[in-house]
Amino acid sequence: MMTDILKIKEVIKNSQKVTIISHYSPDGDALASQLALARGLEQIEIEISLINKDPIPDAYQFLKNWECIKPLEEIPDFASVIICVDCATWERTGYLKEQLIGEKTIVINIDHHISNTNFGHLNWVDPNAAATAELIYDLLGLLQVKIDKIIATSIYTGISTDTGSFLYENTTATTHIVVADLINRGADINLVRNSYYENINISKINLLKYGLNNLSFSVDNQVCWVAFTRDVFNNANATDADGEGLINHLKSISGVEVAIIFRETTSDTIKLSFRSKKWADVNQLASKYGGGGHPRAAGCTITGNLDSVVDGVINWVVQSIAQGGTSKFGWDNKCT
Ligand code: 5GP
Ligand code: MN
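Residues numbered from 1 in each chain as written. Chains lettered and ligands numbered in written order. Predicted model: local features only at pLDDT ≥ 70, side-chain atom pairs only at ≥ 80, totals over all residues. Heavy atoms only, no water.

A short note on the pattern of salt bridges
At step 1: Per the stated rule, a full pass over the model turns up seven salt bridges.
At step 2: Ionic pairing is found between Lys17 and Asp77, a salt bridge with its closest N-O pair at 2.7 Å. Of this pair, Lys17 sits in strand S2 (residues 17–21) while Asp77 sits in the loop between strand S4 (69–70) and strand S5 (81–85), placing them 60 residues apart in sequence.
At step 3: Between Arg296 and Glu169 there is a salt bridge; the shortest N-O distance is 3.1 Å. With a gap of 127 residues between them, Arg296 in the loop between strand S12 (292–293) and strand S13 (297–303) and Glu169 in the loop between helix H5 (149–162) and helix H6 (173–184) connect regions that are remote in the sequence.
At step 4: The buried category is assigned to Arg296, whose relative accessible area is 14%. (Salt bridge = Lys/Arg side-chain N within 4 Å of Asp/Glu carboxyl O. Helix = DSSP H or I, 4+ residues; strand = E, 2+ residues; numbered from the N terminus. Buried < 20%, exposed > 50% of the residue type's maximum accessible area, 1.4 Å probe, protein only.)

Here's the deal with the site of ligand 1
At step 1: Near ligand 1 there are 13 residues, and of these His113, Lys271, Ser273, Arg275 and Ala298 occur at the shortest range.
At step 2: At 2.9 Å from an oxygen atom of ligand 1 is found a side-chain nitrogen or oxygen belonging to Arg275.
At step 3: His294 has a polar side-chain atom sitting 3.3 Å from an oxygen atom of ligand 1.
At step 4: In isolation ligand 1 offers 490 Å² of accessible surface; the protein chains occlude 82% of this area.
At step 5: Every element with two or more residues in the shell around ligand 1 is listed here: strand S11 (269–276), S12 and S13.
At step 6: When residues of the shell around ligand 1 are assigned to their parent elements, the largest contribution, four residues, is made by S13. (Near = heavy atom within 4 Å. Polar contact = N/O pair within 3.5 Å; in protein donor to acceptor, adjacent residues only side chain to side chain. Areas by Shrake-Rupley, 256 points an atom, 1.4 Å probe, with all protein chains shown as cover.)

Re the packing of aromatic side chains
At step 1: For the structure on display, the rule yields seven aromatic pairs.
At step 2: The interplanar angle of 85° and the centroid separation of 6.2 Å between the aromatic rings of Tyr289 and Trp316 together place this pair among those described as edge-to-face. Of this pair, Tyr289 sits in the loop between helix H11 (282–288) and S12 while Trp316 sits in helix H12 (residues 306–322), and the two are 27 residues apart along the sequence.
At step 3: Here the guanidinium or amino end of Arg92 rests over the ring plane of Tyr24, the centre of that ring lying 5.3 Å away.
At step 4: Note that Lys288 overlies the ring of Tyr289, its terminal NZ or CZ placed 5.6 Å from the centroid. (Phe/Tyr/Trp six-rings, centres within 6.5 Å; stacked < 30°, edge-to-face > 60°. Lys NZ or Arg CZ within 6 Å of the ring centre and 35° of its normal.)

Structural notes on the pairing of S5
Consecutive side chains of a regular strand alternate in pointing toward one face of the sheet and then the other.
At step 1: The element S5 is extensively covered by neighbouring structure, given that five of its five residues are classed as buried.
At step 2: Residues Val81, Ile83 and Val85 of S5 are buried on one face, and the alternating residues Ile82 and Cys84, pointing to the opposite face, are buried as well.
At step 3: With three bridges joining them, S2 and S5 adopt parallel strand pairing. Each residue of the ladder has a partner; that of Ile20, found in S5, is Ile83.
At step 4: Inspection of the sheet shows S5 paired to strand S6 (residues 106–111) by five bridges, in the parallel sense. Counted as the bridge partner of Ile82 is Val107 from S6. (Pairing = 2+ DSSP bridges.)

Here is the structure:
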């Protein structure tokens, strides 16, 4: 755990202008952290610009001021204080360092991924936090910013989506205490449910249908996977964001320890998502291919054609799982 939190507080307090950026293919935690921090800092008279490489998925467009998040090309003058939220590495921003970082730039890295490389000048990395939004809650408290209904709703969204509605292992007593406070401050949980959880578009359902009809299992059923070609996404009229969450259906199957989704993003680029249920360290698995994340949720991108990437990864994962408990891949002890 790396924490320059007091220095971060000082730098922010002494700034007139701050740019907040998160990772490409943004998820709920990334966007919620950006928006909550932006609204909080505006209260203390700091001018904000918000950058994301990718468009904001429809599913998150209920978050207030989502349209203020823009790609770099549309931000005329970004600040010399850049806060990266929910990015394990600088590369997750999707931009080259030289596009944003000059001689005087201070990069502040606020994140909860265990694989974070502490790439900032100042780093606040806490893998025990359920979501980056939980850290934003602490930071706003430290800056004595009032958490209004809109900030509370954003932070709630980040925490709720990153914890699978408070079910995953990363959910702690602190998470619930923070969320109780957010609800006291007016977090609109009905808005989140009606706009996100119970507002799933038909493209996403079509992907789910395909996924559930095309499950593969290892012989011992501990590994379950689905591979999506580009055509499947196109035929379902689905965006990348529509693929989010599908993997949880695989993980929820009895006996499955590791779930994997392979998605062809271009003809020779395959995006992988990993989830594990109880003991497999998927951060270690994804790291082997240059990715990372958390012990129970991780991802990576591999160059190659879909069939050969699936074969290679599944062979290796199935072997590793069958050996269960091997320290080679950093598995937790299965028996504890
Ligand atoms: P997802 O499977 O939902 O895309 O990602 C699961 C987790 O792994 C997230 O916490 C995400 O930040 C992380 N992750 C996904 N893809 C990558 C990647 O290519 N590199 C790294 N470092 N982390 C990733
Ligand atoms: Mn997160």
